[in-house]
Amino acid sequence: MSVMTHFFPPPASMGTGREKAVTWRFFWPVLLVGFALRLVFAQWADLPLHPDETYQYHEQAYRLVHGYGLIPWEYVFGIRSWLIPLCLAGLLVVADALGLDQPHEYAFFLKTVLCLISLSLPIAMYRLTQVLWNEQAAILSLLLGCFWHHFLYVAHKPMPGILAMYGLLWLVLWMVRPQTRARMFAFGLMLGLVFALRYQLVPVLGLLWLIALYRLRGGALGLMLLGNALALMLAGMLDWVFWGGFLSSFIDNFRLNFLYDIASNFGEQEVLFYAKRLILESGGLFAIGLIGVALLWGRIWPVAVAMAIGVLAFHIPAHKELRFVLWIMPLALIGGAVLASWPGLRGVRGSVAAPVLLCLWAGVVTVGFSARYLGVVPWQTPLRDGAAVMHALGRTPDVTGVAFQTPSLPWWHTPGYYALGKPVPLYLWGWDPDLAEATQWARSSHIVTEAGGAAPDGYSQISRHGTFTLWQSETPKDAVGLEGFPLKTPLYPAPIPSDYQTIGQRTPLMLEGW
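All residue numbers here refer to positions counted from 1 along the written sequence of the relevant chain. Per-residue local features of the predicted model are confined to residues with pLDDT of at least 70, and side-chain atom pairs are confined, for both listing and counting, to 80 or more; whole-chain, interface and lining totals are unaffected and use all residues. Heavy atoms from the whole structure form the basis of all side-chain values; hydrogens and water molecules are not counted.

Participant: Where do I start with the overall build of the protein chain in this structure?
Facilitator: By the criteria applied, helices consist of DSSP H or I runs no shorter than four residues and strands consist of E runs no shorter than two, each listed in order from the N terminus. Each helix and strand in the protein chain was counted, giving 21 helices and five strands. In summary, the protein chain has a C-alpha radius of gyration of 25 Å against a globular reference of 24 Å for 514 residues, a match within 12%. Counting only C-alpha atoms, the protein chain reaches 80 × 55 × 45 Å along its principal axes. Three exposure classes are used, based on accessible area relative to the maximum for each residue type with a 1.4 Å probe and protein chains only: buried under 20%, partly exposed in between, and exposed over 50%. Here the protein chain holds 514 residues, and the buried ones make up 54% of them. Relative to all contacts within the protein chain whose residues are 6 or more apart in sequence, the contacts with residues 24 or more apart total 75%. Shrake-Rupley sampling with a 1.4 Å probe provides the accessible areas, and residues are treated as covered by the protein chains on show and by no other component. Here the protein chain displays about 21700 Å² of accessible surface, and carbon together with sulfur accounts for 67% of that area. The charge count treats Lys and Arg as positive and Asp and Glu as negative. His and the chain ends do not count. Where a charge lies is defined by one atom per residue type, namely NZ (Lys), CZ (Arg), CG (Asp) and CD (Glu). Taken as two groups, the 32 positive and 29 negative side-chain charges of the protein chain have centres that lie 19 Å from each other. With the radius of gyration taken over C-alpha atoms, the globule rule is written as 2.2 Å times the number of residues to the power 0.38. Here a residue-residue contact requires only that any non-hydrogen atoms of the pair lie within 4.5 Å.

In structure tokens, the structure reads:
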């Protein structure tokens, strides 16, 4: 039997019970505990996965709703789609309608929604493993999907790579489930949406799309293509409305990253960076999981090859970060669950020893990394303390301006107006290097300094947040609003030529702070 027959099987091929798969009796309780843990991490391990999380998505959503916010260079040159900020802005509008208008209130509302969305990952891992292997492996996959440390840490983060990870696994699941009209349309739509979220996954998506073209016929193929077209039209029209060019953000992003090598401004890593980090941050389980994937080779080798090519494609840019390839982790963990349920490992103690060992192994790794995320052991201390300062300022009613005198906390690691929630000057360290310190202090009712530093003249300490001290002016400062305040960063990556022409035609509006 050709391996391709495993993909997009006709409805009649699973009439023996696999189409209506059984559900483990503890499925929903385990999922509920996983959701509760995600909320714990969202509240007490809320450190940005990357500055993009703050300034590309949360800050821009806040700017759409409230009309002000800091504008990074990506939104000057129009290389970001507004898809995620627009969805977040919709949630902010809902939060406001519910009376959640304070930063800590609407932020927790958004985190809760994102945590709910993140539960789609363990559900997909469970259902996919049921089809590919057996129920025992599926239960292990569910546990790993619910409680693995990476998935807990990123659950509340609206990063495109994270959201694409969820969609990618559902694509694979729909490929091995029987064809239905709704499923084929959902497959096409999701494939297009994953592309819109993370176009760098096009090697993976393209190969999955080719498999679908090979297997699907008639109405099923038409529904898939319709879903593709709708998703691409949505992404293209968003760019047309916001940037003035169809799919212009994707084109300009590709040009600047691959023709001008903008990414190298943010660091260059060795060739083996991804392999080392994946193995290190999984305690070796990633490598073990690949053995399990090999056991599934006869059933899913085209998908495995597509994902391998996708990971290799991320080796082309010199700049590498683990988040770029985190989407491969669910498949590796499924492989670990399959290996633990392999009959050859049962031995004299039955089928319990390997699954228990896998759970203990994964548990030790998760507890170790969770202690870091939650601050039990020191990690990213300036970021954690800086977030605490901004949250305190968000709850302070008499703020008319804030100046950060914090060399250890540059602007890209400091929460913006989304966290502050007030239309006042926010002078972050390094945002505008040409702005005189005296100008900042003249408009700032509050100043943040490194802990242990001298008290600013005319200011009194009101709180201490780890490595930072928050000061308040002893004399009231007039509320002058944002008039004359530089919301747009003057700092652009050096390789961008001064005569660079964007595909979109609306970027000059962004230069004026639209």
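Participant: In this structure, what is going on with the sheet that holds strand β5 (residues 468–473)? I would like to understand it.
Facilitator: Two modes of strand pairing occur in sheets, parallel and antiparallel, and in both the strands are linked by backbone hydrogen bonds. Here we have five strands laid out as an open sheet, ordered β2-β1-β3-β5-β4, and mixed in their pairing. What marks the edges here is a single partner per strand, and that holds for β2 (426–427) and β4 (459–465). Bridge count for strand β3 (residues 446–450) against β5 is five bridges, and the pairing is antiparallel. Residue pairing across strands places T449 opposite T469, the latter belonging to β5. Every axis in this analysis is a line fitted to C-alpha atoms, fitted for helices over the stretch in contact. Angles between the N-to-C directions lie between 0 and 180 degrees. Contacting β1 (402–405), β2, β3, β4 and β5, helix α18 (residues 381–394) crosses the sheet at an angle of about 25° to β5. Strands are labelled as partners when DSSP assigns at least two bridges between them.

Participant: Explain the pattern of salt bridges here, please?
Facilitator: Once their charged atoms are close, side chains differing in charge can pair, the charge on each being opposite to the other. Salt bridge criterion: a side-chain nitrogen from Lys or Arg within 4 Å of a carboxyl oxygen from Asp or Glu. Enumeration over the complete set of coordinates arrives at eight salt bridges. Where K276 meets E270, a salt bridge forms, and the shortest distance between an N and an O atom there is 3.1 Å. By relative accessible area, E270 is classed as partly exposed at 41%. E281 is the salt-bridge partner of R277, the closest N and O atoms lying 2.4 Å from each other. A residue is classified by how much of its surface remains accessible, and R277, at 27% relative accessible area, is partly exposed. Taking relative accessible area as the criterion, E281 reaches 6% and is therefore assigned buried.

Participant: Just to check I follow, could you spell out the packing of aromatic side chains for this structure?
Facilitator: The description of an aromatic ring pair uses the distance of the two centres, along with the angle that the planes make with each other. Two aromatic rings from Phe, Tyr or Trp, using only the six-membered ring of Trp, form a pair when their centres are within 6.5 Å; if the ring planes differ by under 30 degrees the pair is stacked, by over 60 it is edge-to-face, and anything between is tilted. Considering all chains together, one arrives at 25 aromatic pairs under this definition. Aromatic side chains Y62 and Y106 sit 6.3 Å apart centroid to centroid with 40° between the ring planes, which places their arrangement in the tilted category. Taken as a pair, Y62 in helix α2 (residues 51–66) and Y106 in helix α4 (residues 103–118) lie far apart in primary sequence, 44 residues in all. Residue Y62 shares its accessibility class with Y106, and that shared class is buried. Between F369 and Y373, the ring centres sit 6.5 Å apart and the planes meet at 35°, which makes this aromatic pair tilted. One end of the pair is F369 and the other is Y373, both in helix α17 (residues 353–373) and four residues apart, which spans about a single turn. Residues F369 and Y373 agree in their burial class; the two are buried. Here the aromatic residues Y62, Y68, Y106, Y417 and Y418 are joined through ring pairs into a cluster of three or more. Here the basic side chain of R127 rests over the ring of F27, its NZ or CZ set 5.8 Å away from the ring centre. Throughout this description, the term charge over a ring refers to an Arg CZ or Lys NZ atom that lies within 6 Å of the ring centre and within 35 degrees of the ring normal. The ring of Y153 carries K157 above its face, with NZ or CZ at 4.9 Å from the centroid.

Participant: Explanation requested: the pairing of β1 in the structure shown.
Facilitator: A regular strand places its side chains on the two faces of the sheet in alternate fashion. Neither face of β1 is open: one carries V402 and F404, the other A403 and Q405, and all of them are buried. As paired elements, β1 and β2 share two bridges and run parallel to each other. Counterpart to A403 in the pairing with β2 is Y427. Inspection of the sheet shows β1 paired to β3 by four bridges, in the parallel sense. Paired with Q405 across the bridge in β3 is T449.

Participant: Explanation requested: helix α12 (residues 248–259) in the structure shown.
Facilitator: Along an α-helix, residues three or four positions apart point the same way, because every turn accommodates 3.6 residues. By this rule, a helix spans an expected 1.5 Å times one less than how many residues it contains. The terminal C-alpha atoms of α12 lie 15 Å apart, and with 12 residues this matches the ideal 16 Å at 1.5 Å per residue to within 8%. Within the span of α12, buried status applies to S248, S249, F250, D252, N253 and L256. Structurally, α12 contributes buried residues whose contacts are with α9 (181–197) and α11 (218–243).

Participant: Looking at this structure, how should I read the environment of A337?
Facilitator: Note that A337 resides in helix α16 (residues 329–340). Sequence separation between A337 and G292 is 45 residues, and the spatial gap between their C-alpha atoms is 7.4 Å. Setting aside residues up to four positions removed in sequence, A337 forms contacts with A137, L140, S141 and L358.

Participant: Sorry if this is basic, but what is going on with a nonpolar patch on the surface here?
Facilitator: Together, V33, L37, V40, W44, L374, V376 and V377 give the surface a local cluster of nonpolar side chains, amounting to about 590 Å² of exposed area. Structurally, L374 can be placed in the loop between α17 and α18. Like charges within 9 Å and nonpolar side chains (Val, Leu, Ile, Met, Phe, Trp, Tyr) within 5 Å are joined into patches, using only residues over 30% in relative accessible area that form no salt bridge.

Participant: What is the right way to read the pairing of β4 from this model?
Facilitator: Pairing geometry for β4 and β5, over six bridges, is antiparallel. Counterpart to R464 in the pairing with β5 is T469. The hairpin formed by β4 and β5 contains two residues between the paired strands, and G466 there has a positive phi angle of roughly 60°.

Participant: What is the right way to look at the state of the cysteines in this model?
Facilitator: Two cysteines whose sulfur atoms are joined by a covalent bond form what is called a disulfide. The disulfide criterion is simple: two cysteine sulfur atoms within 2.5 Å. Across all of its chains, the model carries zero disulfides by this definition. Take C115: it sits in no disulfide, and the sulfur closest to it among the cysteines is that of C146, at 12 Å. Owing to a relative accessible area of 0%, C115 belongs among the buried residues under this scheme. Just so you know, C146 is unpaired, no disulfide at all, and the nearest cysteine sulfur is the one on C359, 12 Å from it.

Participant: Help me understand the environment of M184 in this model?
Facilitator: Relative to the helices and strands, M184 resides in helix α9. The buried category is assigned to M184, whose relative accessible area is 0%. Along the sequence, M184 and T406 sit 222 residues apart, while their C-alpha atoms lie 53 Å from each other. Residues in contact with M184, not counting those within four places in the same chain, are F8, W174, Q179, L216, A220, L223 and M224.

Participant: Whenever I open this one, the environment of A479 confuses me. Can you help?
Facilitator: Relative to the elements of secondary structure, A479 occurs in the loop between β5 and α21 (507–511). You can call A479 exposed: its relative accessible area is 66%. Taking the C-alpha atoms as reference points, A479 and G401, separated by 78 residues in sequence, lie 7.8 Å from one another.

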